[in-house]
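These are the residues of each chain, in order.
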Amino acid sequence: MHKIIRFYNQNEKVIWASILGIVLLFVLIQLLNYNAKKKIEEGMNNNIVNTKPSIQYNNITLNSGESVLTGDRLSNNQKEGIKVIDEFVSYCKNQEIEKAYALLAEECKELFYSDVRNFKENYCDKILIKEDTNVNIENWSDDIYKVNFKENPLNTGIYREEAYQDYITVVKDAEGNKKLNINSYIGRKILNKRTQKQNIEITILQRDRYMDYETYKMRVVNKNESSILLGRGDSTMYLVDKKDKTYPAYTHELSESQLVVPANGEIQVEIKYDNKYSENRVIKSLVFSKIIMNYDHYSSVINPHNYKNYLNYEIGF
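Residues numbered from 1 in each chain as written. Predicted model: local features only at pLDDT ≥ 70, side-chain atom pairs only at ≥ 80, totals over all residues. Heavy atoms only, no water.

Asks: Help me understand the pairing of strand β15 (residues 283-292), please; the structure alone is not making it clear to me.
Replies: Both faces of the sheet carry side chains from a regular strand, because those side chains alternate between them. Most of β15 sits inside the fold, with eight of its ten residues counted as buried. Across five bridges, strand β11 (residues 237-241) lies against β15 in antiparallel orientation. Across the sheet, the residue bridging to V240 is S285, located in β15. Across six bridges, the pairing between β15 and strand β16 (residues 310-316) is antiparallel. In the sheet register, F288 faces β16, and the bridge partner there is Y313. (Buried < 20%, exposed > 50% of the residue type's maximum accessible area, 1.4 Å probe, protein only. Helix = DSSP H or I, 4+ residues; strand = E, 2+ residues; numbered from the N terminus. Pairing = 2+ DSSP bridges.)

What follows is the structure, given as structure tokens:
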């Protein structure tokens, strides 16, 4: 007993400091546990408040009844479009490929799938649309829907984070029937916009719009006595929007010979532009800023920088 009292007297400060430290540590742990529990409860409550109920169709799940970009509630017309997508997925899952193919818009068939077999091999089989595939969609804007195809891990036994993503657009055919553009293809607009300058006539026939780019098909008539070159490099061929922002052409996908128009001749050419889809963006013009007016002479010049006979050609919409 005397030893304990002597030990206490000799180490009183250390003992009380240790006891105080243990008490403070206990209190701190309790506070941390309380705060952690509170945050978890708040998070759960927020999830309950913020989670919007999904809508289940026969073969697809609509994540929300609102547009992702605008937050607007879906209209009855948009809901009818979703039913067509649901029908399309049903046909694919049940291997009724001809019926699924019949729901595609004609422009979509023309651009991607020339026949049913091509469609089956390069779309249905590619993204593995099977009976147990989970298909989730959400409205992106207007009649465009973001669609995710994902294998069901309960059936495969394998969980994969990745999913095949597509953008499907609901359009109407000439008879007013709802059809689908798949493969992130949005749609076509016939333009037939014709201009003429220095004996060069350019008619922009049509525009095909995709989620990541758009293409313009045009006819170019050269009434000059020398061949011309529409441009060299992305910086000489571009689109301009209402805010004067430019969108370059993918000229690397074109050979130079595709941009040459012979003397007193004409060509048709389709040019792709780096213009991601935006419902608010308005393109005001298409520009060829450096048309080479005598391509034969240009080709023979040792130093092309010495060539000066260029034409700036702008086509307004």
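Resuming the write-up.
Asks: Before we go on, may I ask you to explain the packing of aromatic side chains in this structure?
Replies: We describe a pair of aromatic rings using the distance from one ring centre to the other and the angle between the two ring planes. A full pass over the atoms with the stated rule returns 17 aromatic pairs. Measuring from centroid to centroid gives 6.2 Å for Y113 and Y123, while their planes differ by 70°, and the two rings are edge-to-face. Here Y113, found in the loop between α5 (106-111) and α6 (116-124), pairs with Y123, found in helix α6; they are ten residues apart in sequence, far enough to count as distant. Of the residues examined, Y123 reaches a relative accessible area of 1% and is grouped as buried. Taking the centre distance of 5.9 Å and the plane angle of 10° together, the rings of F119 and Y123 count as stacked. Within this pair, F119 and its partner Y123 are both found in helix α6, separated by four residues, close to a single helical turn. Note that K272 overlies the ring of Y213, its terminal NZ or CZ placed 4.2 Å from the centroid. (Phe/Tyr/Trp six-rings, centres within 6.5 Å; stacked < 30°, edge-to-face > 60°. Lys NZ or Arg CZ within 6 Å of the ring centre and 35° of its normal.)

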